[in-house]
Amino acid sequence: MGEVLERPAATGTVLPILDIQHVDKRFAFGAETITALSDATLRIGKGEFICLIGPSGCGKSTLLRMIAGFETVSSGALLMWGKPVSGPGPDRGMVFQDYGLFPWLTVSQNIAFGPVARGRPKAEAAAIARRFVEMVGLTRFAEAYPHQLSGGMKQRVAIARVLANDAEVVLMDEPFGALDAMTRERLQEDLLEIWARAKLSIIFVTHAIEEAIILADRVVVMSPGPGRIIADERIALPRPRDPTGVEFNALRRHLSGLLGSHH
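This write-up is about the structure you can find in this document. Note that the coordinates shown come from a computational prediction; the quantities given were computed from them, not determined experimentally.

Cut-offs used in this document
- The written sequence of each chain sets the order in which its residues are numbered from 1.
- It should be noted that, the model being predicted, local features are given only for residues of pLDDT at least 70 and side-chain atom pairs only at 80 or more, the latter also being counted only at that level, while totals for whole chains, interfaces and linings use all residues.
- To get the side-chain values, all heavy atoms of the structure are used, and hydrogens and water are removed first.
- Put simply, a nonpolar core is a bunch of buried Ala, Val, Leu, Ile, Met, Phe, Trp, Tyr and Cys residues held in one set by side-chain atoms that sit within 4.5 Å of each other.
- The rule is simple: take the accessible area with a 1.4 Å probe, protein chains only, and divide by the maximum for that residue type; under 20% is buried, over 50% is exposed, in between is partly exposed.
- Strands here mean DSSP runs of E at least two residues long; helices mean DSSP runs of H or I at least four residues long; both are numbered from the N terminus.
- Throughout, a contact is declared for two residues whenever any of their heavy atoms are within 4.5 Å.
- Each pair of strands is called paired provided DSSP finds at least two bridges between the two strands.
- Orientation is described by lines fitted to C-alpha atoms, with helices fitted over the stretch in contact, and by angles between N-to-C directions that extend from 0 to 180 degrees.
- Put simply, two rings from Phe, Tyr or Trp (the six-membered ring, in Trp's case) pair if the centres are within 6.5 Å, and we call them stacked under 30 degrees between planes, edge-to-face over 60, tilted for the rest.
- Only when the NZ of Lys or the CZ of Arg is both within 6 Å of the ring centre and within 35 degrees of the ring normal is a charge said to sit over the ring.

### Regarding the nonpolar core
- Ranked by internal contacts, the top residues of the largest apolar core, which has 58 residues, are Phe49, Ile111, Ile202 and Phe204.
- It is helix α4 (residues 151-163) that provides the largest number of residues to this core, a total of seven residues.
- Grouped together as the second largest cluster of nonpolar side chains are 25 residues, Ile17, Leu52, Leu63 and Met94 included.

What follows is the structure in structure tokens.
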């Protein structure tokens, strides 16, 4: 897809799209209670790209699932546009590592599924699907089935399906983790372009520090369980970002040091 578009980061002077206030998440295992997330506080502006990094089991995916409405908050508040998140909704879409596409539907049908399920007329849903098929660069594959697509293409369909539902917030749980390095790099570029065009807010979980610096306006660092937010680093480098650059590598060392100091 074309050159990555650069947009100014959202400012904190307006109501944040997501406001996470002192959130805890506890799970009961028999007589025992496990705290997965402790005192998480994070404000995310409209149009910001946030990456969450941290060791396995630090609560990154749990936080994503609470924002999606798949899990409830044990204590604290989780607000979208100032209103409590009380369950799943089309305004928040989740993209998983395993794509989650319907194998019996074509690319266009997968993307149109949400609008059709929400009662949009079929012609309108088809027009929405065409728009997002084009946005993610899959016009030639609109009538292909998932088994005929590469991993990178499937991930683009998964992103388009979320966007077709009018999602304002896209939640991505290590979506490129299963892809080879070249496909991953291409999809990072594609995602940045889609983000810029669609004016999305993205919260992206990754284990890779380099990926977080390439993508994010802010990198949020979490500690091992019980998961806490230990740093919220703004990435001011212009896009596209060069992983071989001096500033890039200084940031990589800084973030690596933050992760290492809390193991």
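Next, the rest of the story.
### Some remarks on helix α2 (residues 107-117)
- Along α2, the residues classified as buried are Val107, Ser108, Asn110, Ile111, Ala112, Gly114 and Pro115.
- The inward-facing, buried residues of α2 contact α3 (122-135) and α4.

### Quick word on the side chain of Thr106
- With respect to the helices and strands, Thr106 occurs in the loop between β6 (92-95) and α2.
- Once you skip the residues sitting within four places of it in the chain, Thr106 turns out to touch Ala142, Glu143, Ala144 and Tyr145.

### Description of the sheet that holds strand β4 (residues 75-80)
- Strand order in the open sheet formed by four strands is β2-β1-β4-β5, with antiparallel pairing between adjacent strands. Whereas interior strands pair on both sides, the edge strands pair on one side only; in this sheet they are β2 (32-44) and β5 (83-84).
- By the bridge criterion, nine bridges tie strand β1 (residues 18-29) to β2 in an arrangement that is antiparallel. What sits directly across from Asp19, in β2, is Arg43.
- Of the strands in this sheet, β1, β2 and β4 are in contact with helix α1 (residues 60-68), which crosses β1 at around 115°.

### Considerations on the packing of aromatic side chains
- Evaluated as defined, the whole model comprises five aromatic pairs.
- Considering the side-chain rings of Phe102 and Trp104, the 5.2 Å spacing of their centres and the 35° angle between planes classify their relative orientation as tilted.
- Note on Phe102: relative accessible area 24%, which makes it partly exposed.
- With a centroid separation of 5.6 Å and 65° between ring planes, the pair formed by Phe176 and Phe204 is classed as edge-to-face. Placement of the pair is Phe176 in the loop between β7 (169-173) and α5 (181-198) and Phe204 in strand β8 (residues 201-205), with a sequence separation of 28 residues.
- Among the residues examined, Phe176 registers a relative accessible area of 1% and is labelled buried.
- Sitting above the plane of the Phe102 ring, Arg161 keeps its charged end 5.4 Å from the centroid.

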